[in-house]
Amino acid sequence: MLLSRHVITGTAISADRPAREDAEAALVENYPRLVRLAYLILPPTLGRHRRVLTAHALVQRTLGESAGRPRPARPRPEPVPAPKPLGSEPAPPQVPTAEPPRPRPPLGEVPPPPAPLAQPSPPPFPGASDRPAPASPDRSIPAPASPDRSIPAPASSDPPTPPPALLPGGRGGERAAYSWLRETVVRAALRPPRRFAPAVRLPLVLGLRLFPRAGGSDELALDRALAGAVPGTRAALALRTLERLPEEAVGPLLARAGLAEPDVALRAAELLAATSGADIATLLGSAEFDPCTVHTRPTDLLRRHRRERLAALAGAVLLVTTAAVTTVELRSGNEPGGRATGSVTALSAAALARALDPAALVRAPAERWADISRVDFTAWPARGTRTGDTALLRRALDAWSRGGDAEVRLSATPGTPTSPPAEPPRLLYAGTVDGTVVVLLHDGRRLARYAASVDGRGPAVLDLARVDDADVTTAAAVVLTRTPGQARYLLAPWIAEAAVRDLRTPGSAARPLEVTPEGLTAAVPYEGAGGCAGVTALQLTSSARIVEDHAFLLADLGELTPVHLTWTPGPGTGAPARAPREATGERGLAAWAPAACWLAALHGTGVRSVNRWEYAEQPLPERAGRALWVCSRVDTWEGSGRISVSLTAPADRAGTEPRTVTELPDTAACSRFGQHVLAGAYRTAPSGTRYFLAAGSRRLTGVTADGAVTARTRGPVLSTAADAADGPVRLTGSLPDGSAILGWTTPTGRTATP
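The sections below set out a description of the structure shown in this document. Everything numeric in this text was worked out from a predicted model, so none of it was measured.

Definitions and limits used
Within any chain, residue numbers begin from 1 and follow the written order of that chain's sequence. pLDDT decides what is reported in this predicted model: residues at 70 or higher carry local features, side-chain atom pairs at 80 or more are listed and counted, and totals for whole chains, interfaces and linings draw on all residues regardless. Only hydrogens and water are removed before side-chain values are computed, so all heavy atoms of the structure are retained for them. Counting from the N terminus, the helices are DSSP H or I runs at least four residues long and the strands are E runs at least two residues long. Only protein chains enter the calculation, and the probe is 1.4 Å; a residue is then buried if its accessible area is under 20% of its type maximum, exposed if over 50%, and partly exposed in between. For this analysis, residues touch if any pair of their heavy atoms sits within 4.5 Å. Where accessible areas are quoted, they stem from the Shrake-Rupley method and a 1.4 Å probe; at the residue level, only the protein chains shown are allowed to cover. Two cysteine sulfurs form a disulfide in these notes if their separation is within 2.5 Å. Between any two strands, pairing holds if DSSP finds at least two bridges. Think of each axis as a best-fit line through the C-alpha atoms, taken over the contacting stretch in the case of a helix, with angles from 0 to 180 degrees between the N-to-C directions. Both site types are read off a 1 Å grid over the protein atoms alone. A 1.4 Å probe that fits but cannot get out defines a cavity, while an open set with protein on both sides within 12 Å along at least five of seven lines defines a pocket; lining residues have an atom within 4 Å of a point. Grid points are joined across faces, edges and corners, and a volume is the space filled by probe spheres set on the points. The classification used treats Ala, Val, Leu, Ile, Met, Phe, Trp, Tyr, Cys and Pro as nonpolar, Asp, Glu, Lys and Arg as charged, and all other residues, Gly among them, as polar. Identification of polar contacts relies on pairs of N or O atoms within 3.5 Å, with a donor-acceptor requirement for protein atoms, meaning one able to donate a hydrogen and the other able to accept it, and with residues adjacent in sequence counted only if both atoms are side-chain atoms. As used in this record, nonpolar core signifies buried Ala, Val, Leu, Ile, Met, Phe, Trp, Tyr and Cys residues forming a set joined through side-chain atoms within 4.5 Å. One speaks of a salt bridge when a side-chain nitrogen belonging to Lys or Arg is within 4 Å of a carboxyl oxygen belonging to Asp or Glu. Two aromatic rings, drawn from Phe, Tyr or Trp (for Trp, its six-membered ring), form a pair once their centres lie within 6.5 Å of each other, and the interplanar angle then sorts them: stacked below 30 degrees, edge-to-face above 60, tilted otherwise. To sit over a ring, a charge needs its Lys NZ or Arg CZ within 6 Å of the ring centre and within 35 degrees of the ring normal.

Re the overall build of the chain
Then, in step 1: Helix and strand counts for the chain come out as 13 helices and 30 strands.
Then, in step 2: Each of the 754 residues in the chain was classed as buried or not, and the buried ones make up 45%.
Then, in step 3: Contacts in the chain between residues at least 24 apart in sequence constitute 66% of all its contacts with a sequence separation of at least 6.
Then, in step 4: A total of about 37,200 Å² of accessible surface is found on the chain, and carbon and sulfur atoms cover 55% of it.

See the structure below:
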């Protein structure tokens, strides 16, 4: 057999490449065998369909690695005859010697395998043991010679004819072309998945999914074991079992194929075969691992139909965009930068055209909220009587794209961008409420409410608000309309009960709120920015399908989404520090009653939630009762937060607001990222004596006051007579680890005022 020796730069393929004719003949003869070998080595993570196609592609592309020249025109050498016994007539000169260079058996002879591969030379495929081994010398898998036989070199006075070249790893009598093809397939299958053939290269299957026939429980167990093995282990197992190669041939073959540690792969393959508990060769030769005999199933027909419609729509949009870009480029003429400007315009116009297409609006299924882990505005279905009004939806999207002008009045909460949506938004509501046409949209980060009069009088209104990272509470209600003295809300689909309560009267019961089947509430009292905003609150209860016994409070502060009100109890009960809890219980409502009207100052500032933390309770001097220290934290949608520390004494609790000690903007204090608090203020006792009071959170071990007042105490609270002192005080709190924090006092050092 003739071999051609060519080297392709940049490849790791052996230089002993067969001629194309030999490679083609070996490939056609052993195609199923090579494809099965590649299928076993490829990673199961590809999936059965892609794994089958990739195995075929790897084998078919091996011819591209062979030398591209035809076979030289000279007679083929005669086939090698079967070896004769020692002392018989000498063989023809072209017969190669079978004398191995080392005292081990030839590569074509399988020595007694060590455990765990203790099986007598299993056949490559099921049933092979029932057929006699072929005697033809040009078969790709000849019967191995007996281990105790050797063929001496022929005696001749003429120089011996060199034997046909065989690659290392080939078995006796096996054609070198097949050995080269096998090594090439193993090398390609061991490459990382990113180097596998792309889907556009043959073989290519459209509209069908391919997968081998299913086997029994033993095949399934072996498939799972192979999936957990590394590619080198699978390659070693396939070469030892299906290819029946000895261990001393498999190791060098894997090394030439690029495997870093072939010995480790061989040991792992032996362990895998030993633990399989069945005939490993029979299992690997079964239909479960045969990528040439496959079943077919159609792909997702509904998804295919949707993709066809989207492709047609994208084609139409592309056609319109191309025409627009062409017009822009023609108008720009030869101006510098005209081509770059046209490219940017094309991209922007294409994205904007799709985002403003009413047919592309995202609509969630009606029951999606009950079967999803992310419960926010993305789970809202499209509701309302005009969700199919394309003209209305187009006007709303057009108003969002234009922003504020003479026809549309634009408003946005602080920190909310007013740019058009970058992709098709989600439709939440479209209908008529109290003589106003309302469209509610959500683009993943913002809510957009388009409102216009039914009779078309006056400009339309577009309100934008940030709602990123909304949850089951902050995405529970949206304001649809506001009229003087009242507002109507659209509730989330997971709200099972709704009620209204007055925060100033915690002892009164909540009044039930009527809600239509589509989630629209009846009118709720709303006092606006000029009144005591936040007095009227919504008390909502989530459905038991997502969470049990979950009720919470929302207060309308003049924006699209109401504010979530929570409460954190103090350490007086001896319990460890807790996270903010819902303020629907008796103690939570009582904690919010003194601060109900304080919410008026937060009107229209982009507030997401407000938490009242009762962080300390302090005995007052002269037995005047116990004072309550509260840190109220305001978190906004843009991520910033501010706090207000207040002091409430028994004499101040009869309908008056708490006394404000200090206010800090843009801080992490009183949150999970700032859990240590210390504040102080002057206070006059009923007797007229002035005192300086200070209190810290539960972890403080000591408080020190310096400046106009000097005092030191153990524990988190401090109380000392101030006499005539009226200057600033520096507070320092000690923590168990030896660190210290600074406290806050009134800026002027004067008595805190309401």
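Still more to cover.
Here's the deal with the state of the cysteines
Then, in step 1: Across all of its chains, the model carries one disulfide by this definition.
Then, in step 2: Here Cys-631 connects covalently by a disulfide to Cys-670, the sulfurs 1.8 Å from one another. Residues Cys-631 and Cys-670 are joined through a disulfide that is right-handed, its torsion about the S-S bond being 105°. Of the two residues, Cys-631 is situated in strand β20 (residues 626-636) and Cys-670 in the loop between β22 (659-664) and β23 (678-684); the sequence distance between them amounts to 39 residues.

A short note on the sheet that holds strand β9 (residues 460-466)
Adjacent strands of a sheet pair through backbone hydrogen bonds, lying either parallel or antiparallel.
Then, in step 1: The sheet built from five strands is open, its strands ordered β5-β9-β8-β7-β6 with mixed pairing. Both outer strands of the open sheet, β5 (408-412) and β6 (426-433), are each paired with one neighbouring strand and no more. Strand after strand, the sheet turns through a mean of 15° between neighbouring axes, direction not considered.
Then, in step 2: As defined by bridge partners, strand β7 (residues 436-442) adjoins strand β8 (residues 446-453) across seven bridges and the pair is classed as antiparallel. Bridge pairing in β8 places Val-439 opposite Tyr-450.

Examining the layout of surface pockets
Then, in step 1: Within this model, the second largest pocket holds a volume of roughly 1,100 Å³.
Then, in step 2: Lining the second largest pocket we find 44 residues, and of these Pro-580, Asn-611, Cys-670, Ser-671 and Arg-672 sit closest to its centre.
Then, in step 3: Secondary structure elements with two or more residues in the lining of the second largest pocket: β17 (563-568), β18 (581-582), β19 (607-619) and β20.
Then, in step 4: Looking at the lining of the second largest pocket, the element that brings in the most residues is β19, giving six residues.
Then, in step 5: For the lining of the second largest pocket, the class distribution of residues is 15 nonpolar, 16 polar and 13 charged.

A short note on the environment of Thr-704
Then, in step 1: Looking at the element boundaries, Thr-704 is found in strand β25 (residues 702-707).
Then, in step 2: Sequence separation between Thr-704 and Leu-742 is 38 residues, and the spatial gap between their C-alpha atoms is 9.8 Å.
Then, in step 3: When sequence neighbours within four positions are dropped, the list of residues in contact with Thr-704 reads Ala-711, Arg-712, Arg-730, Leu-731 and Thr-732.
Then, in step 4: Within the structure, the side chain of Thr-704 is placed 3.1 Å from the side chain of Arg-712, a separation counted as a polar contact.

Observations concerning the nonpolar core
Then, in step 1: In this structure, Val-59, Val-186, Leu-226, Leu-237, Leu-239, Leu-254 and Leu-284 are the most contacted members of the largest nonpolar core, which totals 49 residues.
Then, in step 2: Those residues within four positions of Leu-239 in sequence are excluded, and the remaining contacts are Leu-37, Arg-182, Val-186, Arg-244, Leu-245, Val-250, Leu-253 and Leu-254.
Then, in step 3: One finds Trp-380, Val-433, Leu-480 and Leu-513 within the second-largest nonpolar core, a separate group that totals 39 residues.

Focus on the pairing of strand β26 (residues 711-714)
Then, in step 1: Note: β25 against β26, four bridges, orientation antiparallel. Looking at the pairing, Gly-702 lines up with Arg-714 of β26.
Then, in step 2: Where β25 folds back on β26, the antiparallel hairpin that results is connected by three residues.

Digging into the sheet that holds strand β14 (residues 524-525)
Then, in step 1: The three strands are arranged β10-β11-β14 in an open sheet whose pairing can be described as antiparallel. The sheet is open, and its two borders are formed by β10 (477-483) and β14, each paired with just one other strand.
Then, in step 2: Two strands pair when backbone bridges link them, and strand β11 (residues 486-491) and β14 are joined in this way by two bridges, in the antiparallel orientation. Pairing of Gln-486 across the sheet is with Pro-525, part of β14.

Focus on the pairing of strand β16 (residues 551-555)
Then, in step 1: Buried residues dominate β16, accounting for five of its five residues.
Then, in step 2: Both faces of β16 are covered, namely the face carrying Ala-551, Leu-553 and Ala-555 and the face carrying Phe-552 and Leu-554.
Then, in step 3: For strand β15 (residues 536-542) and β16, the ladder comprises five bridges, and the chain directions are antiparallel. Each bridged residue has a counterpart across the sheet, and for Leu-540 the counterpart in β16 is Phe-552.
Then, in step 4: As defined by bridge partners, β16 adjoins β17 across three bridges and the pair is classed as antiparallel. Residue pairing across strands places Ala-555 opposite Val-563, the latter belonging to β17.

A short note on the pattern of salt bridges
Then, in step 1: For the structure shown, the criterion picks out 19 salt bridges.
Then, in step 2: Here Arg-182 ties to Glu-243 by a salt bridge, and the two come within 3.0 Å at their closest N and O atoms. Taken together, the positions of Arg-182 in helix α4 (residues 176-189) and Glu-243 in the loop between α6 (231-241) and α7 (247-256) put the pair 61 residues apart, joining distant regions of the chain. Each member of the pair, Arg-182 as well as Glu-243, is classed as buried.
Then, in step 3: With its nearest N and O atoms 2.8 Å apart, the salt bridge here joins Arg-446 to Asp-443.

Some details on α6
Given 3.6 residues to a turn, an α-helix orients residues that are three or four positions apart in the same direction.
Then, in step 1: Burial of α6 is extensive: ten of the eleven residues sit out of reach of the surface.
Then, in step 2: Within α6, the full set of buried residues consists of Gly-232, Thr-233, Arg-234, Ala-235, Ala-236, Leu-237, Ala-238, Leu-239, Arg-240 and Thr-241.

A few points about the packing of aromatic side chains
Geometrically, a pair of aromatic rings is defined through the distance of the ring centres and the angle of the planes.
Then, in step 1: Summed over all chains, the structure comprises three aromatic pairs.
Then, in step 2: Seen in terms of ring centroids, Phe-377 and Trp-380 are 5.3 Å apart; in terms of plane orientation they differ by 50°. Their pairing is tilted. Judged on exposure class, the residue Phe-377 and its partner Trp-380 are both buried.
Then, in step 3: A cation over an aromatic ring shows up here: Arg-383 above the ring of Trp-380, its NZ or CZ 5.0 Å from the ring centre.
Then, in step 4: Arg-612 extends its terminal NZ or CZ atom over the ring of Trp-592, reaching a point 5.8 Å from the ring centre.

A word on the side chain of Glu-559
Then, in step 1: With respect to the element layout, Glu-559 can be found in the loop between β16 and β17.
Then, in step 2: Polar contacts involving the side chain of Glu-559 include one to the main-chain amide nitrogen of Gly-606, which spans 2.4 Å.
Then, in step 3: When residues no more than four places from it in sequence are discounted, the contact partners of Glu-559 are Thr-413, Val-479, Arg-482, Gly-604, Thr-605, Gly-606 and Val-607.

Digging into the environment of Arg-402
Then, in step 1: With respect to the helices, strands and loops of the structure, Arg-402 is situated in helix α12 (residues 390-402).
Then, in step 2: Sequence separation between Arg-402 and Ser-419 is 17 residues, and the spatial gap between their C-alpha atoms is 8.7 Å.
Then, in step 3: With sequence-adjacent residues up to four places away left out, Arg-402 is seen in contact with Glu-407 and Val-408.

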